[in-house]
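# Structural overview for review
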Amino acid sequence: MARRPRPLTAAGLAAGGLVSALVLGSLAAVASRAQIGPGAGLGPGDWGAVRFTLWQAAVSAAVSVALAVPVARALARRRFPGRGLLVTLLGAPFILPVIVAILGLLMVFGRAGWVNDALAFAGLPAVSIYGWHGVILANVFFNLPLATRLILQGWLSIPAERFRLAASLGLDRRRAFRLIEAPMLREVLPGSALVIFLICTTSFAVALTLGGGPRATTIELAIYQAFRFDFDLSRAALLALLQLGVTALAGTLALTVAVPDAMGAGLGRPLVRWDRGPVWGDGLAICLAALFLLAPLAALLLRGGPALAGLPASVWVAAGRSTAVALGSALLCLGLGLAIAVAAQRMGGRRARGVELAGMLGLAASPLVLGTGLFIMLYPFVRPDRLALPVTALVNATMALPFALRALVPAVARIERDYGRLADSLGLRGLARLRRLLLPRLARPLGFAGGLAAALSMGDLGVIALFADAQSATLPLQLYRLMGAYRMDEAAGAAVLLLGLSLLAFWIFDRGGRVDADA
Amino acid sequence: MLTLERVAILLEDFALAADLSVAEGARVAVIGPSGAGKSTLLAAIGGFAPISDGRLLWRGAAIGHLPPARRPVATIFQDNNLFPHLTVAANVGLGLAPNARLGAEDRARVAETLASVGLGGLGARKPGSLSGGQQSRVALARAALQDRPVMLLDEPFAALGPALKVEMIDLVIRLADDRGATLLMVTHDPGDARQLGGETILVAEGRARPPVPTTQLLENPPDVLRNYLG
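About the cut-offs
- Residues numbered from 1 in each chain as written.
- Chains lettered and ligands numbered in written order.
- Predicted model: local features only at pLDDT ≥ 70, side-chain atom pairs only at ≥ 80, totals over all residues.
- Heavy atoms only, no water.
- Helix = DSSP H or I, 4+ residues; strand = E, 2+ residues; numbered from the N terminus.
- Contact = heavy atoms within 4.5 Å.
- Expected span 1.5 Å × (residues − 1).
- Bend = angle between axes of the 7 residues up to and from the residue.
- Buried < 20%, exposed > 50% of the residue type's maximum accessible area, 1.4 Å probe, protein only.
- Core = buried A, V, L, I, M, F, W, Y, C linked by side-chain atoms within 4.5 Å.
- Domains from an automatic or database assignment.
- Buried area = accessible area lost by both parts, 1.4 Å probe.
- Salt bridge = Lys/Arg side-chain N within 4 Å of Asp/Glu carboxyl O.
- Polar contact = N/O pair within 3.5 Å; in protein donor to acceptor, adjacent residues only side chain to side chain.
- Nonpolar A, V, L, I, M, F, W, Y, C, P; charged D, E, K, R; others polar.
- 1 Å grid on protein atoms, 1.4 Å probe; cavity = no way out; pocket = protein on both sides within 12 Å on 5 of 7 lines; lining within 4 Å.
- Points joined across faces, edges and corners; volume = space filled by probe spheres on them.
- Axes fitted to C-alpha atoms, helices over the stretch in contact; angles between N-to-C directions.
- Parallel < 35°, antiparallel > 145°, perpendicular 65-115°, else oblique.
- Left-handed = near helix turned anticlockwise from the far one by under 90°.
- Patch = residues over 30% accessible without salt bridge, like charges linked within 9 Å, V, L, I, M, F, W, Y side chains within 5 Å.
- Areas by Shrake-Rupley, 256 points an atom, 1.4 Å probe, with all protein chains shown as cover.

### Let's talk about the environment of A:Ala193
All names here are of chain A. On the secondary structure map, Ala-193 appears in helix 8 (residues 173-201). Taking C-alpha positions, Ala-193 is 34 Å from Leu-124, a pair spaced 69 residues apart along the chain. Discounting residues that sit within four places of it in the chain, Ala-193 has contacts with Ala-61 and Val-65.

### Considerations on helix 6 (residues 132-156) of chain A
Residues and elements named next belong to chain A. For helix 6, with 25 residues, the first-to-last C-alpha span of 35 Å sits near the 36 Å given by 1.5 Å per residue. Of all the bends found along helix 6, the most pronounced is centred on Asn-143 and spans about 35 degrees, while Pro-145, a proline, follows it within four residues. Among the 25 residues of helix 6, 20 are classified as buried, and the element is accordingly described as predominantly covered.

### Thoughts on the nonpolar core
Core analysis: the biggest nonpolar cluster contains 206 residues, and A:Leu103, A:Leu479, B:Leu41 and B:Phe83 have the highest contact counts within it. In terms of residue count, the dominant contributor to this core is helix 16 (residues 388-426) of chain A (18 residues). In terms of domain composition, this core takes at least three residues from each of domain 1 (2-72 + 148-229) and domain 2 (83-146) of chain B. Contact partners of A:Leu479, with chain neighbours within four places excluded, come to A:Ile99, A:Val100, A:Leu103, A:Ala491, A:Ala494, A:Ala495 and A:Leu498. Among the nonpolar cores identified, the runner-up in size contains 35 residues, and B:Ala144, B:Leu145, B:Leu153 and B:Met168 belong to it.

### Points about helix 15 (residues 367-378) of chain A
All names here are of chain A. Taking 1.5 Å of rise per residue, 12 residues should cover 16 Å, and helix 15 covers 16 Å from first to last C-alpha, within 8% of that figure. Taken across its 12 residues, helix 15 has nine buried, putting it largely inside the fold. Within helix 15, burial applies to Leu-368, Val-369, Leu-370, Gly-371, Thr-372, Gly-373, Leu-374, Phe-375 and Ile-376.

### A few points about the interface of chain A and chain B
Taken together, the contact pairs 21 residues of chain A with 27 residues of chain B. At the boundary of chain A with chain B, total buried surface from both sides reaches about 2,200 Å², with 59% on carbon and sulfur atoms. Scanning the region where chain A abuts chain B turns up zero salt bridges. Between chain A and chain B we count five residue pairs in polar contact (both at pLDDT 80 or more) in total. Elements represented by at least two residues in the side of chain A that touches chain B include exactly helix 16 and helix 17 (430-441) of chain A. Looking at the side of chain A that touches chain B element by element, the count peaks at eight residues for helix 16 of chain A. In the side of chain A that touches chain B, the residues fall into 11 nonpolar, two polar and eight charged.

### Thoughts on empty space enclosed by the protein
In this structure the tally under the stated criterion is three cavities of 30 Å³ or more. Its volume calculated, the largest cavity comes out at about 80 Å³. Looking at the second largest cavity, its volume works out to about 40 Å³. Surrounding the second largest cavity, A:Arg421, B:Ser39, B:Leu42, B:Ala43, B:Phe48, B:Thr75, B:Phe77 and B:Asp154 form its lining. Broken down by element, the residue count for the lining of the second largest cavity peaks at three residues, all from helix 1 (residues 38-46) of chain B. Classifying every residue of the lining of the second largest cavity by side-chain character gives four nonpolar, two polar and two charged.

### Some remarks on the packing of helix 16 of chain A against helix 18 (residues 443-458) of chain A
Residue and element names in this part refer to chain A. Direction vectors running N to C along helix 16 and helix 18 enclose 165 degrees, while the axes themselves pass 9 Å from each other. Taken together, the axes of helix 16 and helix 18 are roughly antiparallel relative to one another. For the pair helix 16 and helix 18, the crossing hand works out as right-handed. Contacts between helix 16 and helix 18 involve Asn-396, Ala-400, Phe-403, Ala-404, Ala-407, Leu-408 and Ala-411 from the first element and Pro-445, Leu-446, Ala-449, Leu-452, Ala-453, Leu-456 and Ser-457 from the second.

### A look at a nonpolar patch on the surface
The grouping of A:Val279, A:Trp280, A:Leu284, A:Leu288 and A:Leu291 at the surface amounts to a nonpolar patch, some 590 Å² of accessible area in total. Along the chain, A:Leu288 turns up in helix 12 (residues 279-307).

### Description of unusual backbone geometry
We note that A:Tyr486 has phi near 55 degrees; this positive angle belongs to a residue other than glycine. Topologically, A:Tyr486 is positioned in the loop between helix 20 (475-484) and helix 21 (488-514). Look at A:Tyr486 and you get exposed, because its relative accessible area is 62%. At B:Arg59, a residue that is not glycine, the phi angle is positive and equals roughly 50 degrees. We classify B:Arg59 as exposed; its relative accessible area is 55%.

### Focus on the pattern of salt bridges
Counted by the stated rule, this structure contains 14 salt bridges over all chains. As a salt-bridge pair, A:Glu490 and A:Arg487 come within 2.7 Å of each other at their nearest N and O atoms. With a relative accessible area of 40%, A:Arg487 lands in the partly exposed category. Here B:Arg27 and B:Asp177 are joined by a salt bridge, their closest N and O atoms 3.1 Å apart. Residue B:Arg27 is found in strand 3 (residues 27-31), and its partner B:Asp177 is found in helix 5 (residues 162-179); the two are separated by 150 residues along the sequence. For B:Arg27, a relative accessible area of 23% gives the class partly exposed.

Below, the structure written as structure tokens:
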């Protein structure tokens, strides 16, 4: 069974090398540019940004998890029509463009939003969504569903027999909680909070639109401002290093705690319980959560739907650019992911872990840190706005790659375990093996991963903000500009368009993977 | 002649020794207690288990270093014998040309072979829409097209009912005889061994014994086999 170097393995090594070069090269560029000297370095405002980044992430995580516990418990122990749909919707914020959700929140909580209308009607003073509370509101909007799914997973992982035993022993609800549910929560809550903390430390779009100013600027926003307002690359690089440090710190913390997995299936089955307590509590939790999550989208659709027809041409052009970027990013992500997954399966052992890890490097750096590095590398040679779209597609693909690998690596391993011997005995190898065995059987995970990558890229407002000028704006950036110009009807219309495109992109890929998938 | 010359197979917590020969065209049942290494013996011949010592020879030439597809063997496994996403005809066609498109002539041969195993006209179906017995026939049709001098069957019919199993073994015998192929079939049922009507290799106590005529073995079984048969 002599092994010659095989082309598919080489492709995987090349893909892993490309991603490592991109990420590590960007980080090296950032590090080389970050200087501290007279007239350079970080001011008190920058340290304020570090403090605010950590603080808002911690508060957002705590609030999201605290609110998610009653919602998850209610979903775990009740059956009602629409429960399945609601659980599915809890997964949706992942592909919901941040800027779209923010606009929806503005329609509900903003200056002329539903809440303030109601307050004015009742003769109460208005509340403002801008500032730290807006940042946290938006973070909770995005992460409450995630926290709910993670905790629901925990609840549903408790064997039903334990509740049956508790019922047969006649334990009251408090004792049953202490004996059965509290240990689960102790295990699941820290990990869930940490995941959300990690996500919130790279909060850029939220801080850009709702935060700002000395008391609500995150590091990522400060990087953007150093670029856009001061064009101070060395300060941007220093800030990027700080952001990297924060991510590394949070990531290391996450390694010490078991982090639960939200991608897992099996959230469909409600527990049979004998100790459910009054129905109104659970009903209230579910209704409030659904209202909080759905009202902004409803408000957006009501306002933006009618505006769709009258959108200016610039919005449609931006939509075309976004579609191209999303498609490019999805295909790139799938190509890299497939190559790495196949190579990892073939090499096995430590080398497989290495190439897989290379693909996961995108997790280590935030999009803005990568963007800063790429900008520093590229701008001596080319005008950055010329490369805005390819760079955005590349960075988006790198960011989506870890999710693609999560879906593809186990799938390739499963296929080879089940059919590898048969393929070997028939002499199916190289491209024929790819075409006849791997691609058909990977259709589902490929479709899902491609859909995620396309939707994430479609809605991304991050690296594009560093690179683009008016001629190369994507739809999220165009939408942000409309908001900045207070053209709210057009912004709402563009947001509905963006939402539709993101969902459509996900749907087309995901559906494509399910067609004709036998057995 | 297929020869295992003082072969030793060492897996993590398992060892099997074999020093035996099988004549060309023989029909050999491989029988023994579960976990004794029947499947491992076939895997070593097929190229799926490493041979740590000794030599594997076919017609006097060493084949132990060859990858599975380059050995003179066609294997039918316990399960996962067909790719569920390919049509029946495409699955069978892999026996002819795994890495290329099929020409018109190849397609005609595939259709002919399918007809010869009683599956005429089912080429466009996917395996999932066939019964278990029909799926076995598809795998046998592919093995027939592979046209290798040795056929290894690793209990492929264990999930079929008794009558269907008898039918399948008859088909296997016919296909092997048509081609003068050497047949090694793992089974836990002495009835299967009798039906094959040739010799039997007993695998027990870490050793694969040389083949002896099946009737002789079953009439006068050694202790390990007697305990196993009960």
